[in-house]
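Each chain is listed here by its residues.
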Amino acid sequence: MKTPEKKGQSTSPEKIEVEFTNAYYLKGLKLEQVNTDEQTAKKILNSNVTERKFKTSEELAGIVLNNGKALFGEQTYLLDCAEKSSLVFPGGFIPHGILFDNREKDKPKLFFIEVMLAKESMVDLFKRMTSIFYFFRNQENTNLFLTTLDNAISRNIGWRNKLKPLFEEKLPTEFLQSLLSRKPGILLVQDSFKDELKPFMETYTETWGKMIKPISFRKFEVGDDSLLTMVPTFHNLTAKADKKDKVVKVTEDDHLQGVSETVRDIFLLMKTELLKVDSSLEFRVKGHYISMRKDRNIAFFQLGKKKLSIVIANPEKGMREQIKHHAVRTIADSVKKFWNGNENCFTAVIERKEHLDEVVNLLKKLAGVNKVNGNGATNQAEGGGKKETKETPKPKPKVKQNKSDKKPQPKKK
């Protein structure tokens, strides 16, 4: 590859270096894999590198749909749904493409290809994704989708020939039925990752979090060459999801692995402070969180790479006044059921060590460690604290004594 070298060139070297390890020469609409070792990648970074933006989502979609096997692997089969009049699914949904993943022959998977640019509005994407999630909630709609796809394949000779290795000795309908025994995934192809997606993927874990797989494509001029980068690879994207299902976190150290030093310090500082005032608090490790208990679940700690999310089992009303320096997020009713059926809960998101006392003090109140001054935590704290339950029996003997002393009382009158 001919690329003039320039010393002192600095264009986000770390980020680009990672991306260039999975790069393709772009020649028209066709891609050719760039085999780069570490030394070659560094050479590219020292060249005159300029990023070129995609003008439209159709430009990016054209590159992806014309290079299915190069991008996703030899055992995948990609159908281009650009001819929208030939295939309209129930509800009016028309994806850019449909990808059949046959790397595991006993468990084939189906993915929709959705393409959008960062400059485009998220509103349309939310509507489209919600319609897909809703549609595949029941078997009747899944059967309707299967029939529509089966009819489209039978009418399209090119599609039939392309998918023939998939079917082998099975009828297309039989293969599609086994394929759709698992919910389809959605490959969200973008020119950059959109931060607006993160809250949805972290909150709606069974839909946005499980079904959507974001992939970022970027285009560069490197000397005389045009390069396209893809992050992550399709293999890494699907392998990462499989790994999450198989690896079970059984210790606190498992949850602390891979998180930033800031997140680690925040969790350990909060835990130390809470145990300091009440050693009876329990921190129970679960696969996806660490719960804090005292007779009941009080909070659920989710340790992410850059932030700590705490689902707090308490009504959200009045919490924004108590937690002023950290983000407070409302949880959808359907998601609340996941947290041990807690009807009243919300999420506090902590990304820095400052003002931790706001959240720590609230957790103390809910555990009955501190007295509560009439805020939303009052009822919850009274039911969960052991100190208060020890004090409540004291007035009972006095009531009994008053009953037994009724005879001498009239003398005072």
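Treat the numbers as computed from the prediction; the structure is a model and nothing was measured.

The rules behind these values
In this numbering scheme, every chain counts its residues from 1 along its sequence in written order. A pLDDT threshold of at least 70 governs which residues receive local features in this predicted model, and a stricter bar of 80 or more applies before side-chain atom pairs are shown or counted, although totals over entire chains, interfaces and linings include all residues. Just so you know, side-chain values use all the structure's heavy atoms and leave hydrogens and water out. Exposure classes here rest on a 1.4 Å probe applied to the protein chains alone. A residue is buried below 20% of its type maximum, exposed above 50%, and partly exposed in between. A run of H or I in DSSP counts as a helix once it spans at least four residues, and a run of E counts as a strand once it spans at least two, with each numbered from the N terminus. A carboxyl oxygen of Asp or Glu within 4 Å of a side-chain nitrogen of Lys or Arg is what we treat as a salt bridge. The pairing criterion for strands is at least two bridges between them, as found by DSSP. Convention adopted: a line fitted to C-alpha atoms gives each axis, helices being fitted over their contacting stretch, and angles between N-to-C directions are expressed from 0 to 180 degrees. By definition, residues are in contact when any of their heavy atoms lie within 4.5 Å. Each residue gets a pLDDT score, which is the predictor's confidence in that residue and runs from 0 to 100. Working rule for angles: under 35 degrees goes down as roughly parallel, over 145 as roughly antiparallel, 65 to 115 as roughly perpendicular, anything else as oblique. Three classes are used, and their members are as follows: Ala, Val, Leu, Ile, Met, Phe, Trp, Tyr, Cys and Pro are nonpolar, Asp, Glu, Lys and Arg are charged, and the others, Gly among them, are polar. The crossing is said to be left-handed when, going from far helix to near helix, the turn is anticlockwise and less than a right angle, and right-handed when the turn is clockwise. For Phe, Tyr and Trp, rings pair up if their centres lie within 6.5 Å, where Trp contributes its six-membered ring, and each pair is then called stacked (planes under 30 degrees apart), edge-to-face (over 60) or tilted (otherwise).

Things to note about helix α3 (residues 57–65)
Working step 1: α3 sits mainly inside the fold: seven of its nine residues count as buried.
Working step 2: Buried residues of α3: S57, L60, A61, G62, I63, V64 and L65, and no others.

Describing the pattern of salt bridges
Working step 1: Counted according to the given criterion, the structure contains 16 salt bridges.
Working step 2: Salt-bridge contacts for R52 lead to E221; the nearest nitrogen and oxygen are separated by 3.3 Å. Within this pair, whereas R52 is found in strand β3 (residues 49–52), its partner E221 is found in strand β8 (residues 212–222), the two being separated by 169 residues in sequence.
Working step 3: A relative accessible area of 32% means that E221 is categorised as partly exposed.
Working step 4: For K353, the salt bridge goes to D265, with nearest N and O atoms at 2.9 Å. Within this pair, whereas K353 is found in the loop between β15 (346–350) and α16 (357–366), its partner D265 is found in helix α13 (residues 261–277), the two being separated by 88 residues in sequence.
Working step 5: On the basis of relative accessible area, D265 is assigned to the partly exposed category, the value being 22%.
Working step 6: Each of E51, K53 and R218 takes part in one network of salt bridges that share partners.

Regarding the sheet that holds strand β14 (residues 327–329)
Working step 1: One open sheet accounts for six strands, arranged β10-β11-β12-β13-β15-β14; its pairing is antiparallel. The sheet is open, and its two borders are formed by β10 (282–285) and β14, each paired with just one other strand. Sheet twist, expressed as the mean angle between neighbouring strand axes with direction ignored, is 25°.
Working step 2: Sheet analysis places strand β12 (residues 297–303) next to strand β13 (residues 308–312), joined by five bridges and oriented antiparallel. When the sheet's bridge partners are listed, F300 is paired in β13 with V311.
Working step 3: Of the strands in this sheet, β10, β11 (290–293), β12, β13 and β15 are in contact with α13, which crosses β13 at around 40°.

Brief notes about unusual backbone geometry
Working step 1: For the peptide bond that leads from V231 to P232, omega is -10°, which places it in the cis range.
Working step 2: Here P232 lies in the loop between β9 (225–231) and α11 (234–246).
Working step 3: The phi torsion at D295 lies on the positive side, around 75°, for a residue other than glycine.
Working step 4: The residue D295 is located in the loop between β11 and β12 in this model.
Working step 5: Non-glycine residue H355 carries a positive phi angle of around 60°.

Some thoughts on the confidence of the model for the chain
Working step 1: Taken over all residues, the pLDDT of the chain has a mean of 78, while the share at 70 or more is 76%.
Working step 2: In this model residues 241–246 is a low-confidence stretch, pLDDT under 50, and it forms three contacts with partners more than four residues away in sequence or in other chains.
Working step 3: With pLDDT under 50 throughout, residues 371–394 is counted as low confidence; its partners more than four residues away or in other chains account for 37 contacts.

A few points about the packing of helix α6 (residues 139–155) against helix α7 (residues 157–167)
Working step 1: Where α6 meets α7, the closest approach of the two axes is 6 Å, and the angle between their N-to-C directions is 110°. The angle between α6 and α7 places the two elements in the roughly perpendicular class. Contacts between α6 and α7 involve A152, I153, S154 and R155 on the former and, on the latter, I157, W159, R160, L163 and F167.
Working step 2: Partitioned by chemical class, the residues of the contact of α6 with α7 number six nonpolar, one polar and two charged.

Structural notes on the packing of α6 against helix α8 (residues 172–179)
Working step 1: The geometry of α6 relative to α8 is characterised by a closest axis approach of 10 Å and an angle of 140° between their N-to-C directions. Relative to α8, the element α6 lies oblique. Classified by chirality, the crossing of α8 by α6 is right-handed. Counting all contacts with α6, which are made through L146, L149, D150 and I153, the residues of α8 involved are P172, T173, L176 and Q177.
Working step 2: Taken together, the residues of the contact of α6 with α8 break down into five nonpolar, two polar and one charged.

Some remarks on the packing of aromatic side chains
Working step 1: Tallied over the entire structure, the rule returns 15 aromatic pairs.
Working step 2: Taken together, a centroid distance of 5.6 Å and an interplanar angle of 80° make the contact between F111 and F234 edge-to-face. Taken as a pair, F111 in strand β6 (residues 109–115) and F234 in helix α11 lie far apart in primary sequence, 123 residues in all. Both residues of the pair, F111 and F234, belong to the buried class.
Working step 3: For the ring pair Y289 and F300, a centre distance of 5.2 Å and an interplane angle of 85° mean the geometry is edge-to-face. Linking Y289 in the loop between β10 and β11 with F300 in strand β12, this pair joins segments that are eleven residues apart in sequence.

Topic: the pairing of β9
Working step 1: Bridge count for strand β1 (residues 23–27) against β9 is three bridges, and the pairing is antiparallel. When the sheet's bridge partners are listed, A23 is paired in β9 with T229.
Working step 2: In this sheet, β9 lies alongside β8 in antiparallel orientation, the contact comprising seven bridges. Directly across from K219, in β9, lies its bridge partner L228.
Working step 3: With antiparallel pairing between neighbouring strands as the criterion, β8 and β9 make up a hairpin whose turn holds two residues, including G223 at a positive phi of roughly 65°.

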